[in-house]
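A structural walkthrough
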Amino acid sequence: MQNYGKFYQKSWEERINHISQNEKLTKEQIQILKNSAHNKSLGDTMIENYITDYSYPEGIAFHYLINNKRYLVPMVTEEPSVVAASSHGAAIIAKAGGFLAKTSERLMIGQIILESVEDSAKLIIEIQKLTKDLLVVADQAHPSLKKRGGGTRWLKTRILAEDLVVLNIAIDVQEAMGANMINTMLEAVAARLEAVLRQQVLMSILSNYATECLASTTCKIPYELLSKNGFAGEIIAQKIVQASRVAQLDTYRAATHNKGIMNGIDAVVMASGNDWRAIESGAHAYAARNGQYKGLSTWKISGDYLVGELEIPLPVGFIGGSIGIVPLVSLNQKLMKITSARELEQIIVSVGLAQNLAALLALVSEGIQKGHMRLQLKSLVIAAGANVAEEAVLVDKMLQADKRDIASAKKILTDYRKKDKNG
Ligand code: MEV
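Description of the structure in this document. These numbers were taken from a predicted model, which means no experiment stands behind them.

1. Side note on the packing of aromatic side chains
- Applying the stated criterion across every chain yields a total of three aromatic pairs.
- Considering the side-chain rings of tyrosine 4 and phenylalanine 7, the 5.6 Å spacing of their centres and the 85° angle between planes classify their relative orientation as edge-to-face.
- Judged by relative accessible area, which is 9%, phenylalanine 7 ranks as buried.
- Between tyrosine 64 and phenylalanine 99 the ring centres are 5.9 Å apart and the planes differ by 15°, which places this aromatic pair in the stacked class. Placement of the pair is tyrosine 64 in strand 1 (residues 58-66) and phenylalanine 99 in the loop between helix 4 (82-95) and strand 3 (100-103), with a sequence separation of 35 residues. A single burial state applies to tyrosine 64 and to phenylalanine 99, both of which are buried.
- A cation sits over an aromatic face here: lysine 220 above tyrosine 305, 4.5 Å from the ring centre.
- Positioned over the ring face of tyrosine 286 is arginine 289, at 3.9 Å from the centre of the ring.

2. A closer look at the packing of helix 4 against helix 12 (residues 341-364)
- Contact geometry of helix 4 with helix 12 gives a least axis separation of 8 Å together with a crossing angle of 95°. The orientation of helix 4 with respect to helix 12, classified from their angle, is roughly perpendicular. In this structure, helix 4 uses Val82, Ala85, Ser86, His88, Gly89, Ala90, Ile92 and Ile93 to contact helix 12, whose residues at the interface are Val351, Ala354, Gln355, Leu357, Ala358 and Leu361.
- Grouping the amino acids of the contact of helix 4 with helix 12 by side-chain chemistry returns ten nonpolar, four polar and no charged.

3. Topic: the layout of surface pockets
- Here the largest pocket defines a volume of roughly 1,400 Å³.
- Taken together, 39 residues line the largest pocket, and the ones lying closest to its centre are Met46, Met270, Gly273, Ser322 and Val326.
- Secondary structure elements with two or more residues in the lining of the largest pocket: helix 3 (40-46), helix 7 (179-197), helix 9 (251-271), helix 10 (276-287) and helix 11 (327-336).
- Here the lining of the largest pocket gets four residues from one element, more than from any other, and that element is helix 11.
- Among the residues forming the lining of the largest pocket, the class breakdown is 21 nonpolar, 14 polar and four charged.

4. Points about the site of the ligand
- Surveying the vicinity of the ligand reveals ten residues, the closest of which are Glu79, Arg253, Lys259, Asn263 and Leu363.
- Taking arginine 253, its side chain carries an N or O atom lying 2.7 Å from an oxygen atom of the ligand.
- The contact in question runs from an oxygen atom of the ligand to an N or O atom on the side chain of lysine 259, over 2.8 Å.
- In the complex, the protein chains occlude 84% of the 300 Å² of accessible area that the ligand would expose alone.
- Counting only elements with at least two residues in the shell around the ligand, the list comes to helix 9 and helix 12.
- Considering every element that reaches the shell around the ligand, the biggest residue donor is helix 9, with six residues.
- Split by residue class, the shell around the ligand holds three nonpolar, four polar and three charged.

About the criteria used
One numbering rule holds for all chains: residues counted from 1, following each sequence as written. For this predicted model, a pLDDT threshold of at least 70 governs which residues receive local features, and a threshold of 80 or more governs which side-chain atom pairs are given and counted, while totals over whole chains, interfaces and linings are taken from all residues. The side-chain figures draw on all heavy atoms in the structure; neither hydrogens nor water molecules are used. Any two rings among Phe, Tyr and Trp, with Trp reduced to its six-membered ring, count as a pair given centres within 6.5 Å; such a pair is stacked if its planes are under 30 degrees apart, edge-to-face if over 60, and tilted if neither. Here's how the labels work: a residue is buried when its accessible area is under 20% of the maximum for its type, exposed when over 50%, partly exposed in between, all with a 1.4 Å probe on protein chains only. What counts as a helix is a DSSP run of H or I of at least four residues, what counts as a strand is a run of E of at least two, and both are numbered from the N terminus. Think of it as a cone above the ring: NZ of Lys or CZ of Arg counts as a charge over the ring if it is within 6 Å of the ring centre and within 35 degrees of the ring normal. To get an axis, fit a line to the C-alpha atoms, keeping to the stretch in contact for a helix; angles then go from 0 to 180 degrees between the N-to-C directions. We call two directions roughly parallel when the angle between them is under 35 degrees, roughly antiparallel when it is over 145, roughly perpendicular when it lies between 65 and 115, and oblique otherwise. Contacts are assigned to residue pairs that have any heavy atoms within 4.5 Å of one another. When residue character is reported, Ala, Val, Leu, Ile, Met, Phe, Trp, Tyr, Cys and Pro are called nonpolar, Asp, Glu, Lys and Arg charged, and the others, Gly included, polar. Points on a 1 Å grid, built from protein atoms alone, make a cavity when a 1.4 Å probe fits but cannot get out and make a pocket when they are open with protein on both sides within 12 Å along at least 5 of 7 lines; residues with an atom within 4 Å of a point are the lining residues. Grid points are joined across faces, edges and corners, and a volume is the space filled by probe spheres set on the points. One heavy atom within 4 Å of a molecule or strand is enough for the residue carrying it to be called near that molecule or strand. Pairing of N or O atoms within 3.5 Å defines a polar contact, subject to two protein rules: one partner must be a possible hydrogen donor and the other a possible acceptor, and residues neighboring in sequence count only if both atoms are side-chain atoms. Only the protein chains shown count as cover for residues, and all accessible areas are computed by the Shrake-Rupley method using a 1.4 Å probe.

Written as structure tokens, this is what we have:
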């Protein structure tokens, strides 16, 4: 390992030179690093040891009709077919009247873990007596939140083990995701506990299991909108219900079912400048809330309709964190025409359900590969070296080919450049 000491103190140019020399980068590689560094000052503000920007494609999903309002949905993803599938699912649901989406209160939970507890029952009584005071301490650590109508709402204690007690504090964070605010407030409470009760604190941190910040959505699709590839809509609906049952019964399938939902959710969470790891961990913890990991969405038949439902924790922010400093995020908020974190939650949860519908529809009818084949072949021919102008012709050629792997894509590209192009 070469010497990278004090890398963070170097200017961007010095970092590029340093890493290029140490790692013996070629001229072309250095150029890639430089050309991709689109916003150096922003990068330096956001993270440490910044060298370049790793960019993801952003696309727009159409046809979203949520609570009678139409939305354009910006999605950031590297996976082919996610945006197309999203629009497809949303279009079917729009024809059926759209999504009905709701949000709960927007409370985040902060945790203070107390260790080396000698008498947990006694400690809990002492904390209960102090509750009012502790909530005031928390609110005083972030007075502007209280002024805006937010702040602490409740405090609950629980014994985790003989020597471990946890305090969960619920905080209304208004329009922010609030991680920093919460952590500051918790640390103030932890200091008070240590001072007044002489109690040892192991750690203070927000919980990503955001059970008090839920978003839910439903849709009701008449059978006739579901017919596909010669299958009657009613049959497709029944198969989707079966797929939903399987995701409730089998963890292997549940994880994939939920991955499909998160394909859509993460893409909008990213486009909106939010922390997708936080949303992922909360969603998966919620999927296991009854002791077994299950599919997050359910599909049932009611009358001649297929009814879909999805509920997940969505502690996203509309302001704060990187949201205010990344220009594309404000632009995406404008494209969505949203004015609050709640409205963003309603879009995101609905995208999750549309994405799930599109995946299940493909899986129970033609199979996922056929539907996605063109998009996958497009990625393959680009990986083989095709340029944008060659892409469509090469995909057509790959569709005719016996083998659809990178080696055959490269061969087809070479042959095409030799023969087809030159005459
Ligand atoms: C692929 O990214 C997502 C799917 O596997 C989801 C699913 O199986 O439900 C198609």
